[in-house]
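# Topology and contacts: notes
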Amino acid sequence: WPVADGLWRIPLPLPSDGLRAVKFAEVVVVLLDVQIPFETQDLRIADLAEREGRAVVVAVNKWDLEDDKSHKLNELREAFGRLLPQLRGAPMVMVSALTGKGLDRLQAAIVKAHAVWNTRISTARLNRWLAPIISDHPPPAPSGRRIRLRYMTQVKTRPPTFVLFASVPDALPEDYRRFLVNGLRRDFDMPGTPIRLFVRGGDNPYADRRKGNTTSLDKH
C-alpha cells in the first residue's frame, strides 16, 4: 500500500528462498509476465530489493506475444514509476524466454546496473553540484530558522550512499531530501539504483583550506 512518503510498502512475506536470494544478490532481476504484470509478488520483490539496497533490472517476458509493443512499453513504464517511485528509471528490458530474443540486452542492462550501483563521486564534484542546487532551490526555513547546508560527501557504494552536513539536520524536510536524491539520480546518471542520503550536523572540514574564500555554499 502507499505510505506517507509516497512509496509503496508490501507487507506480505516472501518465501524464504526468495528472501535469501535478494539479500545475497548484487543485482536483482524482477521478471514480469507482459500479460499479467505487477502482481503482488513482483512488487514485493522489487520493494525488498530497494530496501536491501540492491540494483534492480526489470525484465518483461513473453514480449513476442504482444501486438502493440510501443503502447504496452509506455504503459509498463508508467505503471512501474507510479507503483515503485523509489525505483523510477530502473532499466526495463523486453525478452522472450521462448525465442531467446532480448537476452543479450538483458545481460548488458545487468552489467550496467551493477556499474551504477558501484558509482563513486568525488567530494569536489558533489559540492560543485550542490552549490547551484541550493542557490536556486534553498531549503525551507521551518519556524523561521534557516537551515545551512554545509557540504556533501559520498561515504560508500553498493548502493551509493551520501552524507549531507547541515546546521539543523533534524529540521530538513523529507521532501527536500527526496528532491536532492532525485537530483543526484538525474545529474549523475544513476537511474533506478537505490540511493541513500543521511543528514548530519557539523561544520565543513574543508572550510579552513579555503582561507576565507566565500563560495555559494557558504551563503546558504
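One can find the structure itself at the top, above this paragraph.
What comes next concerns the included structure. (Residues numbered from 1 in each chain as written. Predicted model: local features only at pLDDT ≥ 70, side-chain atom pairs only at ≥ 80, totals over all residues. Heavy atoms only, no water.)

### Details of unusual backbone geometry
Between Arg 158 and Pro 159 the backbone carries a cis peptide bond, its omega angle lying at 5°. Relative to the assigned elements, Pro 159 resides in the loop between strand 4 (149-156) and strand 5 (161-166). With a phi angle near 65°, Lys 62 is a residue other than glycine that sits in the positive phi range. By the element assignment, Lys 62 lies in the loop between strand 2 (55-61) and helix 3 (69-83). Within the fold, Arg 158 resides in the loop between strand 4 and strand 5. (Helix = DSSP H or I, 4+ residues; strand = E, 2+ residues; numbered from the N terminus.)

### Some details on the sheet that holds strand 5
Strands belonging to one sheet form pairs held by backbone hydrogen bonds; the direction of such a pair is parallel or antiparallel. Read from one edge to the other, the open sheet built from three strands follows the order 4-5-6, with strand pairing classed as mixed. The open sheet is flanked by strand 4 and strand 6 (196-201), the only strands paired with a single partner. For this sheet, the mean inter-axis angle between neighbouring strands, taken without regard to orientation, is 25°. Bridge analysis of strand 4 against strand 5 gives six bridges, and the strand direction is antiparallel. For Met 152, the partnering residue across the bridge sits in strand 5 and is Leu 164. Against the sheet, helix 5 (residues 123-136) touches strand 4 and strand 5, its axis set at about 140° to strand 4. On the sheet, helix 6 (residues 174-187) packs against strand 4, strand 5 and strand 6 and is oriented at approximately 130° with respect to strand 6. (Pairing = 2+ DSSP bridges. Axes fitted to C-alpha atoms, helices over the stretch in contact; angles between N-to-C directions. Contact = heavy atoms within 4.5 Å.)

### Observations regarding the pattern of salt bridges
Counted by the stated rule, this structure contains eight salt bridges. Of the charged contacts, one joins Lys 23 and Glu 52 as a salt bridge, the two residues approaching to 3.0 Å between their closest N and O atoms. You can see Lys 23 sitting in helix 1 (residues 16-24) and its partner Glu 52 sitting in the loop between helix 2 (40-51) and strand 2, a full 29 residues away along the chain. Lys 23 gets classed as partly exposed once you look at its relative accessible area, which sits at 37%. Between Asp 33 and Lys 62 there is a salt bridge whose closest N-O contact spans 2.9 Å. Of this pair, Asp 33 sits in strand 1 (residues 27-33) while Lys 62 sits in the loop between strand 2 and helix 3, and the two are 29 residues apart along the sequence. (Salt bridge = Lys/Arg side-chain N within 4 Å of Asp/Glu carboxyl O. Buried < 20%, exposed > 50% of the residue type's maximum accessible area, 1.4 Å probe, protein only.)

### Observations regarding the sheet that holds strand 3 (residues 92-94)
One open sheet accounts for three strands, arranged 1-2-3; its pairing is parallel. Both edges of this open sheet fall to strand 1 and strand 3, since each of them pairs with a single strand only. Mean inter-strand twist for the sheet, computed between neighbouring axes without regard to direction, equals 25°. Packed onto the sheet, helix 2 meets strand 1 and strand 2 and runs at close to 165° relative to strand 1. Sitting on the sheet, helix 4 (residues 103-117) is in contact with strand 1, strand 2 and strand 3, with an inclination near 165° to strand 2.

### Remarks on the packing of aromatic side chains
Overall, the coordinates contain four aromatic pairs when judged by the stated rule. Judged by centre distance (5.4 Å) and plane angle (45°), the rings of Tyr 176 and Phe 179 are tilted. With Tyr 176 and Phe 179 both in helix 6 and three residues apart, this pair spans about one turn of that helix. Judged by its relative accessible area of 7%, Tyr 176 is buried. (Phe/Tyr/Trp six-rings, centres within 6.5 Å; stacked < 30°, edge-to-face > 60°.)

### Considerations on the environment of Val 22
For Val 22, the location among the structural elements is in helix 1. Along the sequence, Val 22 and Ile 45 sit 23 residues apart, while their C-alpha atoms lie 7.8 Å from each other. Residue contacts for Val 22: discarding those within four places in its chain leaves Val 28, Ile 45, Leu 48, Ala 49, Glu 52 and Arg 54.

### Section: the pairing of strand 2
With seven of its seven residues buried, strand 2 lies for the most part within the structure. Neither face of strand 2 is left uncovered, since the one carrying Ala 55, Val 57, Ala 59 and Asn 61 and the one carrying Val 56, Val 58 and Val 60 both have all their residues buried. The pairing of strand 1 with strand 2 spans seven bridges and is parallel. The residue of strand 2 that forms the bridge with Val 27 is Ala 55. Regarding topology, helix 2 serves as the crossover connection from strand 1 to the parallel strand 2, and that connection is right-handed. Relative to strand 3, strand 2 is paired through three bridges, and the arrangement is parallel. Residue pairing in the sheet places Val 60 in a bridge with Met 94 of strand 3. The parallel pair strand 2 and strand 3 is bridged by helix 3, and the resulting crossover is right-handed. (Right-handed = clockwise from strand over helix to strand, strands pointing away.)

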